[in-house]
Amino acid sequence: MRLLTKASLRYLTHHRLQLLLSVLGVALGVAVVLSIDLAIQSAQTGFRISAETVSGRTTHVLVSDLGSVDERLLNTVRIDLDITASAPVVEGFATSSVLPGRALRILGIDPFSEGPFRPYVAGGSTGLDVSELMTTRTGVVLPASLAEEGGVSVGDSLPMVVEGEAWSVPLVAIIEPADELARAGLADVALMDVAGAQEVLRMVGRLSRIDLRISDDEAGSAELEAIAGALPDGVGIESVGTRSETMSGMIGAFDVNLTALSLLALIFGMFLIYNAVTFSVVQRREILGRLRALGVTRDEIVRLILTEALWIGIVGALLGTLVGIFLARGLVGMVTRTINDLYFSVSVQGIDLRPFLFAKACVLGVGATLLAALPPALEAAGANPRMAALRSVVEGRARVLVPRAALVGSILCAVGIGVLSIPTRNLVVSFTGLFFIITGLALITPAGTLVLVAAVRPLLGRVWGTLGLMAARGVGASLSRTAPAIAALVVAVSVTVGLGVMIQSFRGTLVQWLDGTLRADVYVSLPGPTASRAAGTMWPEVIEDFVGHPEVSGYSTYRGMDLVRDGEAFRLVALELDPRGEGAFDFLEGSSSDIMARFRAGEGVIASEPYVFRRGLERGDSVTLSTASGDRALRIIGVFYDYGSEQGTVMMSRSLYDRLFDDPGVTSLGLFLEEGADSERVVGDLLALVPPGRAVIARTNDTLRSASLEVFDRTFQVTAVLRLLAFVVAFVGVLSALAALQLERARELGLLRASGMTPGQLARLVVTQTGLIGLAAGVLAVPMGIALSIVMIFVVNKRSFGWTLNMEVGPEVLLQAVGLALVGAILAGVYPAWKMSRTSPALALRGE
Amino acid sequence: MNDRGPSIELIDVHKSYEEGERTHEVLTGTSVSIRAGERVAILGPSGSGKSTLLNLISGIDLPDSGTIRVGGTDLGALTERDRTLFRRDHIGFVFQFFNLLPTLTVLENLLLPLELTGSTNGRADDRARELLAAVELEARAGAFPDRLSGGEQQRIAIARALVHEPDLLLADEPTGNLDQDTGTRVVEALEALVAAQGTTMIVVTHSRELAGRMDRILELDHGRLREG
Ligand SMILES: Nc1ncnc2c1ncn2[C@@H]1O[C@H](COP(=O)(O)OP(=O)(O)O)[C@@H](O)[C@H]1O
Ligand SMILES: [Mg+2]
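Only a predicted model underlies this, so the values are computations on that prediction, with no experimental measurement involved. (Residues numbered from 1 in each chain as written. Chains lettered and ligands numbered in written order. Predicted model: local features only at pLDDT ≥ 70, side-chain atom pairs only at ≥ 80, totals over all residues. Heavy atoms only, no water.)

**Details of the overall build of chain A**
Cut-off, in case you're wondering: In this description a helix means any DSSP run of H or I spanning at least four residues, a strand means any run of E spanning at least two, and both kinds are numbered starting from the N terminus. Using a 1.4 Å probe on the protein chains alone, a residue whose accessible area is under 20% of its type maximum counts as buried, one over 50% counts as exposed, and one in between counts as partly exposed. Here a residue-residue contact requires only that any non-hydrogen atoms of the pair lie within 4.5 Å. Calculation of accessible area relied on Shrake-Rupley with a 1.4 Å probe; when residues are assessed, cover is drawn exclusively from the protein chains displayed. Counting rule for charge: Lys and Arg are taken as positive, Asp and Glu as negative, and neither His nor the chain ends is counted. Where a charge lies is defined by one atom per residue type, namely NZ (Lys), CZ (Arg), CG (Asp) and CD (Glu).
The number of helices and strands found in chain A is 28 helices and 20 strands. In terms of its C-alpha atoms, chain A occupies a principal-axis envelope of roughly 100 × 65 × 50 Å. Looking at chain A as a whole, 55% of its 848 residues qualify as buried. A separation threshold of at least 6 residues defines the contact pool for chain A, and within that pool the share at least 24 residues apart is 81%. Of the roughly 33800 Å² of accessible surface on chain A, a fraction of 61% belongs to carbon and sulfur atoms. Computed over 69 positive and 79 negative side-chain charges, the separation of the two mean positions in chain A equals 19 Å.

Here it is in structure tokens:
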């Protein structure tokens, strides 16, 4: 082995704590990036596999913007157009008491049409006898895994709740999917005959879609043209890819936000590496200078330091992948739940350990390590070979660098602001701008620290005398080594503040919005698979019973449908409002009473802020909807704040809806009670009115409110975890950098001990100094954190979701930040202080 | 490098350092010529620019103006990298302290210059041990430097500075950190090796006694060298 390599390996193994911390930094960064990637990937894979399994070999589908198509369309396709490769599909969700916590995907199919589409249905390897499905109208077929989980076997009946209706359906067969993929894809599927599915899903006469198989040649294109010409209004033909893209596109912003957060952890890890490598270079400054005098070239020194970093990077990355897999197991649950809460039902069978993601995380980890090690490596190459590379010279240079760094930092911030003001909805651009600003702020911190420390110096002098002055001066004098640590701490704390303020503002806005929106006393809906979104159709007789309750003095009805138009999902809502519910909307502009009067009169629709934001529309523009009688353009008469859906919502009065659509259904109900009525008791009464075999969810205003906030808190759970992890990485970095700094001062401190300073005084000196750094970092982090939160709230969040949030800065977030920084820094001083006070000054003086 | 004629030539060398706003002139146009094989002592008060001078001669630093030739090579005409390689091949260095790599054993420290100059054949080991024997520290070959006394460390440093047979040895206060007796032993080791190899040598020192053992004494005074 080459001697230089040997020397550096021995150096690393002699500084085990330092080595361990840098490896840990890389490992944590890699672990966070990998686990988030794995979690998102697994959720997407889960979604994709089930989408692919369910669509089988389907190439195109006939769907309606209205959500379902008339089943007579199938005859048109088969008889008039002579397309035999076509199959009806009815889809929906159910729950079962024997399969708690699961959403069952009901897939209603026609066994005789299935031949070209879904091999697992069409017999063959699975051995499913299609006639089984035909014998009983509502018979269901389960995959073996589900049957086993539910403890049911053929002949048993399976209890099921579908849109609030209890069913007991016979299990007519069990299929054992032939391969792993089909097994994963079918993991939550309950197969039924079309007619049976229509019955339980209350879709008699309707189909969710018609699957087609069209060849990819000229004959195929001709067929497509013929179909397009024969389709009734509101029905379109889509290729299968487009459909699943629309679905996975829904979670795009969610993905980007999580990924950005995970990269943040990696960047904090980079600070750690930078700290550790800088420190190792500083510690070896003399030796590196000697090597240069011996004739070791700059390139060789750079290579030496980078090779050390490379090993740290490799070991850290390997360790990180192990931790990442472990972390992913926890995160995938959270991510999946959020997707289920907010977007659509997805079942994730396991973690998709895609080699590419491991490679990506490792390359990122090693790359980040090398990048972080490059500046100190270059600095090492410039190490003055002359022995008089006195610290004062180095520190002097550091001081010259401080204002320059601040200048560069300001420029970076300006560039960041410039990038952010590019009018685009591209999140990558937003995050690039944000990262520019964060880096810029990091560069400004050393200057900020100097200013702050200079400000408190007189005070320290008065309180602690010379000792206080020494501590304050020490911060400035050791800036070349403390600056990265301080910057890391400030950035970590300010990001924590930024995220904290953003979440707080978000929650505050949501609470305010819920207060304004939830006007009714009791809300009634059907149980469904997606927590934040009511679905299904309530029974008219139940509605009648409910509004007839003596203490109910008025009601609003709500009809909500999730639609897709032009590849974008949105929610269409029809409202019949009790006058007390009319004030629920808060409009971006215009008089609320005017808008609501026009709304009642059916002069147009109102659209939510995310809806217009995503489509670049504004008040006065029009929205085109597919109605029962073809496309209709409707004017947007108002834009309202809405935090219920990021996809966007269009609302119209019930009377307008009834004119445009042939759909008398009601999805949910808001009941207004007589003055002084006890809503809890009324809820009890109402539930007692529900006939057996049916289920509704009736909630008081308060319950619904807290349920909504619960969903919110769950959504931000991942963010909170990442915020914590990122902070831990930075915290460890600061702890190690400051502790190492103090340990390195052993000689100087030994001198102080030798000249009569007591261990107690010494401890106070060290802790005061690190504490000062912590205080400075905490204080600097507050304005920076607020600046970051402004960007996150008004740029990133707005672009991600189209929501305007009211910024809310609570004192607890700020105090927490300063406290955290202070505690971290003081802790960092305690170990070296303790260690120094235990070693004899003579030993410390001997030094190296 | 040739044996006869001047080994080192400084012609009107200026060097100053920026210190905040003002510049501090350390060398103010000094010239000197040193023959090959000559042993020269440089005296001068602390801060007079002795180390600066050695840095210029070894190509670690460049003068603001003037010419420096070592063995006929104009250092100013070389790139930074070439100056480093030149130093590696032709110059040995001994400093006041921090000479040895703490993470290499004594023997490995001696092998390092050989490895750097690419002579890593089986003879390298013999050569290193030979030098260790010359400074009477054979027994400590496997020890790490921090186990050695200051005088022992300096003797190892001398052995290392000469192990690759440089043409020029630069020593910056090699005994500055040692007591008189130890210092004398170190100087004797130095003289013996230099004599054996015929190396040109420049020693910066505060010790009149050490200076007296050299062929020639130069004094650095107000930025210029003059014969002492
Ligand atoms: N890199 C440097 N930057 C600024 N001043 C320096 C630098 N190196 C040396 N000096 C100054 O140059 C003068 C000469 O230094 P030096 O050559 O080390 O003196 P000597 O070795 O004779 O004690 C001193 O005043 C010293 O402070
Ligand atoms: Mg000197």
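There is more to say after this.
**Points about the overall build of chain B**
Threshold: The size measure is the radius of gyration over C-alpha atoms, and the globule rule it meets is 2.2 Å times the number of residues to the 0.38 power.
When helices and strands are counted, chain B shows seven helices and ten strands. Against the compact-globule benchmark of 17 Å for 228 residues, chain B has a radius of gyration of 17 Å, which places it among compact chains. Dimensions of chain B along its principal axes, counting C-alpha atoms only, are 50 × 40 × 35 Å. The buried share of chain B, reckoned over its 228 residues, is 52%. Looking at chain B alone, contacts between residues at least 24 apart form 71% of all its contacts between residues at least 6 apart.

**Re the interface of chain B and chain A**
Worth spelling out the cut-off: Summed over both partners, the accessible area lost on bringing two parts together, with a 1.4 Å probe, is the buried area. Here, a salt bridge means any side-chain nitrogen of Lys or Arg that lies within 4 Å of a carboxyl oxygen of Asp or Glu. Side-chain atoms alone can form a polar contact between residues adjacent in sequence; in general such a contact is a pair of N or O atoms within 3.5 Å, and within protein one must be able to donate a hydrogen while the other accepts it. Charged means Asp, Glu, Lys or Arg here, nonpolar means Ala, Val, Leu, Ile, Met, Phe, Trp, Tyr, Cys or Pro, and polar covers whatever is left, Gly included.
Taken together, the contact between chain B and chain A spans 28 residues of the former and 27 residues of the latter. For the pair chain B and chain A, the summed buried surface comes to about 2600 Å²; carbon and sulfur atoms form 62% of the total. Summed over the shared surface of chain B and chain A, the result is seven salt bridges. In this structure, the salt-bridge partner of Glu-80 of chain B is Arg-298 of chain A, at a minimum N-O distance of 3.8 Å. In this structure, the connection of chain B to chain A is made through eleven residue pairs in polar contact (both at pLDDT 80 or more). Among the elements of the structure, helix H1 (50-57), helix H2 (80-90) and helix H3 (106-116) of chain B are those that each provide at least two residues to the side of chain B that touches chain A. In terms of residue count, the dominant contributor to the side of chain B that touches chain A is H2 of chain B (six residues). A per-class count over the side of chain B that touches chain A returns 14 nonpolar, six polar and eight charged.

**Some thoughts on the packing of helix H11 (residues 285-294) of chain A against H2 of chain B**
Heads up, the rule is: Between the N-to-C directions of two axes lies an angle of 0 to 180 degrees, each axis being a line fitted to C-alpha atoms and, for a helix, fitted only over the stretch in contact. Angle categories: roughly parallel below 35 degrees, roughly antiparallel above 145, roughly perpendicular from 65 to 115, and oblique for all the rest.
Relative orientation of the contacting elements H11 of chain A and H2 of chain B amounts to 80°, with a least axis distance of 7 Å. By the angle class used here, H11 of chain A and H2 of chain B are roughly perpendicular. Between H11 of chain A, through Arg-292, Ala-293 and Leu-294 of chain A, and H2 of chain B, the contact on the second element is made entirely by Glu-80, Thr-84, Arg-87 and Arg-88 of chain B. When grouped by side-chain class, the residues that make up the contact of H11 of chain A with H2 of chain B number two nonpolar, one polar and four charged.

**Points about the confidence of the model for chain A**
To keep things clear, this is the line we draw: Note on scores: pLDDT gives the predictor's confidence for each residue, bounded by 0 and 100.
Summarising the model, chain A shows a mean pLDDT of 82, and 92% of its residues fall at 70 or more. The low-confidence segment residues 386-390 of chain A (pLDDT under 50) makes ten contacts with residues lying over four places distant or belonging to another chain.

**Concerning unusual backbone geometry**
All names here are of chain B. Notably, Glu-136 is not glycine yet its phi reads approximately 60°, a positive angle. You can see Glu-136 is positioned in the loop between helix H4 (122-134) and helix H5 (150-162). The exposure class assigned to Glu-136 is exposed, which follows from its relative accessible area of 59%. Look at Glu-173: it is not a glycine, yet its phi comes out positive at around 50°. Checked against the element boundaries, Glu-173 lands in the loop between strand S7 (168-172) and helix H6 (180-197).

**Let's talk about the environment of Thr-182 of chain B**
Structurally, the position occupied by Thr-182 of chain B is in helix H6. Between the C-alpha atoms of Thr-182 of chain B and Ile-156 of chain B, which are 26 residues apart in sequence, the distance is 13 Å.

**Section: the domain arrangement of chain A**
Residue and element names in this part refer to chain A. Worth spelling out the cut-off: Domain ranges listed in this record stem from an automatic or a database domain assignment.
Split into domains, chain A comes out as domain 1 (1-55 + 243-389), domain 2 (67-233), domain 3 (448-518 + 709-848) and domain 4 (527-695). The distance between the C-alpha centroids of domain 2 and domain 4 comes to 31 Å. Counting residues at the interface gives nine residues for domain 2 and twelve residues for domain 4. In this assembly, domain 2 and domain 4 are joined by one salt bridge. Among the salt bridges present, the one from Glu-165 reaches Arg-694, with a minimum N-O distance of 2.7 Å. The interface formed by domain 2 and domain 4 includes five residue pairs in polar contact (both at pLDDT 80 or more). Residues belonging to the side of domain 2 that touches domain 4 are distributed by class as follows: three nonpolar, two polar and four charged.

**What about the pattern of salt bridges?**
Residue and element names in this part refer to chain B. Applying the stated criterion to the full structure yields 47 salt bridges over all chains. With its nearest N and O atoms 3.7 Å apart, the salt bridge here joins Glu-191 to Arg-39. With Glu-191 in helix H6 and Arg-39 in strand S3 (residues 39-43), this residue pair connects regions lying 152 residues apart in the sequence. Using a relative accessible area of 15% as the deciding quantity, one classes Glu-191 as buried. Look at the salt bridges and you will find they share partners, linking Arg-39, Glu-188, Glu-191, Glu-209, Arg-213 and Asp-215 into a network.

**A word on the sheet that holds strand S9 (residues 216-221) of chain B**
All names here are of chain B. Quick reminder of the rule: Whether two strands pair comes down to DSSP finding at least two bridges between them.
Strand order across the open sheet formed by six strands is S6-S7-S8-S3-S9-S10, with mixed pairing between neighbours. What marks the edges here is a single partner per strand, and that holds for strand S6 (91-94) and strand S10 (224-227). Strand-to-strand twist in this sheet, taken as the mean axis angle between neighbours without regard to direction, amounts to 20°. Each of S3, S6, S7, strand S8 (200-204), S9 and S10 is contacted by H1, which is oriented at about 155° to S7, the strand it contacts most.

**Some words on the side chain of Thr-700 of chain A**
One can find Thr-700 of chain A in strand S20 (residues 697-700). Within the structure, the side chain of Thr-700 of chain A is placed 2.6 Å from the side chain of Thr-703 of chain A, a separation counted as a polar contact.

**Thoughts on the sheet that holds strand S14 (residues 568-576) of chain A**
Residues and elements named next belong to chain A. Strand order in this open sheet of nine strands is S16-S17-S15-S18-S14-S13-S19-S12-S20, and the pairing throughout is mixed. If you trace the sheet from one side to the other, it starts and ends with strand S16 (622-627) and S20, each paired once. Averaged over all adjacent pairs, the angle separating strand axes in this sheet is 30°, with direction ignored. Inspection of the sheet shows strand S13 (residues 552-565) paired to strand S19 (residues 668-673) by six bridges, in the antiparallel sense. Looking across to S19, one finds that Tyr-558 is bridged to Ser-668. Across the sheet, helix H23 (residues 701-715) touches strand S12 (522-525) and S20, and the angle it forms with S20 is around 100°.

**Here's the deal with helix H10 (residues 252-283) of chain A**
The line we're drawing: In this scheme, a helix's expected span is set at 1.5 Å multiplied by one less than its residue total.
If you check H10 of chain A, its first and last C-alpha atoms are 46 Å apart, about what 32 residues at 1.5 Å a residue would give, namely 46 Å. Counting buried residues along H10 of chain A, 25 of its 32 residues qualify, which places the element largely inside the surrounding structure.

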